[in-house]
Amino acid sequence: KTQVEQSPQSLVVRQGENCVLQCNYSVTPDNHLRWFKQDTGKGLVSLTVLVDQKDKTSNGRYSATLDKDAKHSTLHITATLLDDTATYICVVGDRGSALGRLHFGAGTQLIVIP
Amino acid sequence: EAAVTQSPRSKVAVTGGKVTLSCHQTNNHDYMYWYRQDTGHGLRLIHYSYVADSTEKGDIPDGYKASRPSQENFSLILELASLSQTAVYFCASSDWVSSYEQYFGPGTRLTVL
C-alpha cells in the first residue's frame, strides 16, 4: 500500500504563476519530511527538510509546510520559472538516523510554459 | 559538496544476461543505498550497506545482489536480468547519524530486452 501520496500527478502553469504541490502520508512514525526536485534524467536534489510537528521552511522561491497531526505537507513555488519544470518528490523518513527507512512519493510532474 | 557518481549512465542488456551497476562516493559516508525508480511509482530500496564487505536487504531484494568492496564503492548485480528489471537505478549515500541527508547519484537507466 502506498504510504506517500502526492497530488496533483501533473501540473502545467505559466511562467510567473504560483503553484502548490500536496503530499499526504500514512508513514508512522514520521520523523521528517523532505522535498526533492528531479530534473528529467537527473538525480534528486534536496529543496528543503521539515522536522517539527508543525513546521515551515523557506528557500528562495520555494516554501514548505508540514502538519504532522494531519500527516500533510505542501510545497509552494512562487513566480515559477521555466527551469522549475521537473518532478517534485515528497519523501518521509520514519527515523532520524540511518536505521530508518525513507518512504518516497511517486512525484508531481510540473511543467512551466512561457 | 557531497558527490555520488554512477556508471554506466545507461545500459541495454539482454534477458538472462549479467548486469553490474557501479556507484562511487567521495563523501566518506558509511551508508550506501541502491533504489529503483519505476514510472508512476516512488523509489524503492533494493539493498543497502553500512560498512565495507557487508550488505543488507532492502524492501525489494529479489533478483538483485549487492557488493561493497570498500567504503567508497557499492555495486548492484543482476545475475540473470529480466524484463521486469527495466527501470532507473539510483545510488545514494549518507552518514549514520542522519538518513535524511542522503545524497543521490544521477541514476542509471537500465533497459532489458
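Quick caveat: nothing in here was measured; it's all calculated off a predicted structure.

**Q** Is there a simple way to think about the sheet that holds strand β8 (residues 72-77) of chain A in this case?
**A** Across a sheet, paired strands are connected by hydrogen bonds in the backbone, their directions being either parallel or antiparallel. All names here are of chain A. Strand order in this open sheet of five strands is β1-β3-β8-β7-β6, and the pairing throughout is antiparallel. Every interior strand has two partners, whereas the edge strands, β1 (4-7) and β6 (54-59), have only one. Pairs of neighbouring strands in the sheet enclose a mean axial angle of 15 degrees, with direction left out of account.

**Q** How should I be thinking about the environment of aspartate 53 of chain B in this particular structure?
**A** Residue and element names in this part refer to chain B. With respect to the element layout, aspartate 53 can be found in the loop between β5 (44-51) and β6 (54-57). Its relative accessible area of 70% is what places aspartate 53 among the exposed residues. The spatial distance from the C-alpha of aspartate 53 to the C-alpha of alanine 66 is 10.0 Å, given a sequence separation of 13 residues. Those residues in contact with aspartate 53 that lie beyond four places of it in its chain are Arg68 and Pro69.

**Q** I would appreciate a short explanation of the sheet that holds strand β8 (residues 73-78) of chain B in the present structure.
**A** Residue and element names in this part refer to chain B. Pairing in this open sheet of four strands is antiparallel, and the strands run β1-β3-β8-β7 from one edge to the other. Every other strand in the sheet has two partners, leaving β1 (4-7) and β7 (65-67) as the edge strands with one partner each. With direction set aside, neighbouring strand axes in the sheet form an average angle of 20 degrees. Sheet analysis places β7 next to β8, joined by three bridges and oriented antiparallel. Residue pairing for β8: lysine 65 is matched across the bridge by isoleucine 77.

**Q** I keep staring at the pairing of strand β4 (residues 32-38) of chain A and nothing clicks. Help me out?
**A** Within a regular strand, side chains alternate between the sheet's two faces. Residue and element names in this part refer to chain A. For β4, the tally of buried residues reaches seven of seven residues, placing the bulk of the element in the interior. Sheet topology places β4 next to strand β9 (residues 86-93); seven bridges connect them, and they run antiparallel. The residue bridging glutamine 38 from the neighbouring strand is threonine 87, located in β9. Taking the residues that link successive antiparallel strands as the turn, the β4-strand β5 (residues 44-50) hairpin has five residues, and the phi of glycine 41 there is positive, at about 75 degrees.

Here is what the cut-offs are and how they apply
Residues numbered from 1 in each chain as written. Chains lettered and ligands numbered in written order. Predicted model: local features only at pLDDT ≥ 70, side-chain atom pairs only at ≥ 80, totals over all residues. Heavy atoms only, no water. Pairing = 2+ DSSP bridges. Helix = DSSP H or I, 4+ residues; strand = E, 2+ residues; numbered from the N terminus. Axes fitted to C-alpha atoms, helices over the stretch in contact; angles between N-to-C directions. Buried < 20%, exposed > 50% of the residue type's maximum accessible area, 1.4 Å probe, protein only. Contact = heavy atoms within 4.5 Å.

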